[in-house]
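# Tertiary structure, described
Chain by chain, the residues run as shown.
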Amino acid sequence: MFYVFPDEQQLASHVSEKLYQRIASQPDIKLGLATGSTMEPVYRHLADKIRQQPLNVGALTTFNLDEYIGLAASHPQSYNYYMHQQLFDKILLEDRQCFLPSGTCNNIEQECRQYSDKIRQLGGLDLQLLGIGTNGHIGFNEPGTPFDSRTHVVELSANTIADNSRFFTDKSQMPTKAITMGILDIMEAREILLLATGAHKAEVMARLFHSQPDTGMPASVLKQHPRIKIFLDASAAALIPSSQLTRVE
Ligand code: GLP
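Figured I'd write up the structure that's included with this text. Just so you know, these numbers come straight off a predicted model, no measurement behind them.

Rules of the game
Residues numbered from 1 in each chain as written. Predicted model: local features only at pLDDT ≥ 70, side-chain atom pairs only at ≥ 80, totals over all residues. Heavy atoms only, no water. Near = heavy atom within 4 Å. Polar contact = N/O pair within 3.5 Å; in protein donor to acceptor, adjacent residues only side chain to side chain. 1 Å grid on protein atoms, 1.4 Å probe; cavity = no way out; pocket = protein on both sides within 12 Å on 5 of 7 lines; lining within 4 Å. Sits in = over half its atoms within 2 Å of the grid points. Nonpolar A, V, L, I, M, F, W, Y, C, P; charged D, E, K, R; others polar. Disulfide = S-S within 2.5 Å. Pairing = 2+ DSSP bridges. Helix = DSSP H or I, 4+ residues; strand = E, 2+ residues; numbered from the N terminus. Contact = heavy atoms within 4.5 Å. Axes fitted to C-alpha atoms, helices over the stretch in contact; angles between N-to-C directions. Points joined across faces, edges and corners; volume = space filled by probe spheres on them. Buried < 20%, exposed > 50% of the residue type's maximum accessible area, 1.4 Å probe, protein only. Expected span 1.5 Å × (residues − 1). Arc of directions from axis to C-beta. Core = buried A, V, L, I, M, F, W, Y, C linked by side-chain atoms within 4.5 Å.

Moving on, we come to the site of the ligand. Contacts to the ligand come from 13 residues, most closely from Ser37, Thr38, Asp66, His137 and Lys201. Note that an oxygen atom of the ligand is positioned 2.4 Å from one of the side-chain N or O atoms of Thr38. Between the ligand and His137, the relevant distance is 2.9 Å, taken from an oxygen atom to a side-chain nitrogen or oxygen of the residue. When atoms are counted within 2 Å of each cavity's grid points, the one that captures over half of the ligand is the largest pocket. Considered class by class, the residues forming the shell around the ligand number three nonpolar, seven polar and three charged.

See the structure below:
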């Protein structure tokens, strides 16, 4: 379940190659996408690869995990803006192909319901990419989130606000609420890849390694998934017994 790569670049290049091959072999694949610094080199490698070896992405559908409440799609710190910058605009995906929860809709309850429903209507996610928060959150499912949750509104924890406010020049602009795909929506994906890189993720990865499925550590639910792989760079894997890691060179 735990795979380790020598460094972040090799991990990113492996994951982007896998995404490329999956899109090539199943052009109408439904991909669940994540944001955050961990994903940036993955999207960069994928966009470069598609530029070098063009691929028809016209039938691809993407669903993002989450969005801040209160940030419009045009806000530079919104996840919608991030996805356009990092991937969608580079590989020329059209808006009709890319689903993100809206952080500025009028009826948030309806938005939540419709987001989970849409994923199921389109046949479910074939592959979900995940990052992880330093408190073990996946998407924005903070510790304590029930494992049977669907898309919902979250009050962000102090830990997450402290971690993510690094992206905001004016820290007071950091939203305190978000909308996130639920844990059950994530677990219904047919395959899941969780990525973690950097020494600041070593502690949470060791906690995940030792944890039984427990709502206090949201990512631990993944241990119940039949097709989960956890990809780490050497720094993030530093506190996991090396005998338990599969090395990928
Ligand atoms: C945010 C996102 C998560 C992501 C996490 C890790 O909180 N909601 O989906 O996994 O950040 O981000 P990073 O990759 O920047 O460490």
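Further notes follow.
To continue, consider the state of the cysteines. Under the defined criterion, the tally for this structure stands at zero disulfides. Free of any disulfide, Cys98 has its nearest cysteine sulfur in Cys105, 18 Å distant. Cysteine Cys105 is unpaired, with the sulfur of Cys112 as its nearest cysteine sulfur at 7.3 Å.

In a beta sheet, neighbouring strands pair by backbone hydrogen bonds and run either parallel or antiparallel. Across the sheet, which stays open at both edges, the eight strands sit in the order E5-E3-E2-E6-E9-E10-E1-E11 with parallel pairing between neighbours. Bordering the open sheet on either side are strand E5 (98–99) and strand E11 (246–247), each of which pairs with just one other strand. For strand E3 (residues 61–64) and E5, the ladder comprises two bridges, and the chain directions are parallel. Across the sheet, the residue bridging to Thr62 is Cys98, located in E5. Together, E3 and E5 form the strand contacts of helix H4 (residues 108–121), whose direction differs from that of E3 by roughly 150°.

If you add up the space inside the largest pocket, you get close to 620 Å³. Together, 30 residues line the largest pocket, and Thr35, Gly36, Ser37, Arg166 and Phe167 are the ones closest to its centre. For the lining of the largest pocket, the secondary structure elements donating two or more residues are strand E4 (66–68), helix H3 (79–91) and helix H5 (158–164). Its residues placed into classes, the lining of the largest pocket shows ten nonpolar, 14 polar and six charged.

Residue alternation in strand E6 (residues 127–130) divides its side chains into two sets, Leu127 and Leu129 and Gln128 and Leu130, and both sets are buried. Bridge count for strand E2 (residues 30–33) against E6 is two bridges, and the pairing is parallel. By the bridge assignment, Leu31 is partnered in E6 with Leu127. Sheet topology places E6 next to strand E9 (residues 192–196); three bridges connect them, and they run parallel. Within E9, the position partnered with Gln128 by the bridge is Ile192.

This part is about helix H1 (residues 8–25). Each α-helix winds once per 3.6 residues, and so residues spaced three or four apart point in a common direction. When the terminal C-alpha atoms of H1 are compared, their 26 Å separation across 18 residues agrees well with the 26 Å that a helix rising 1.5 Å per residue should span. Taken as a whole, H1 has its buried residues at Leu11, Ala12, Val15, Ser16, Leu19, Tyr20, Arg22 and Ile23. Projected down its long axis, H1 carries its buried residues within an arc of 165°, all on one side.

A few words on the nonpolar core. If you look at the biggest cluster of nonpolar residues, it comprises 76 residues, and the most contacted ones within it are Leu194, Met205, Leu222 and Leu232. Here Met205 is in contact with Phe2, Ile132, Leu194, Ala196, Ile230, Leu232, Ala236 and Ile240, once residues within four sequence places are set aside.

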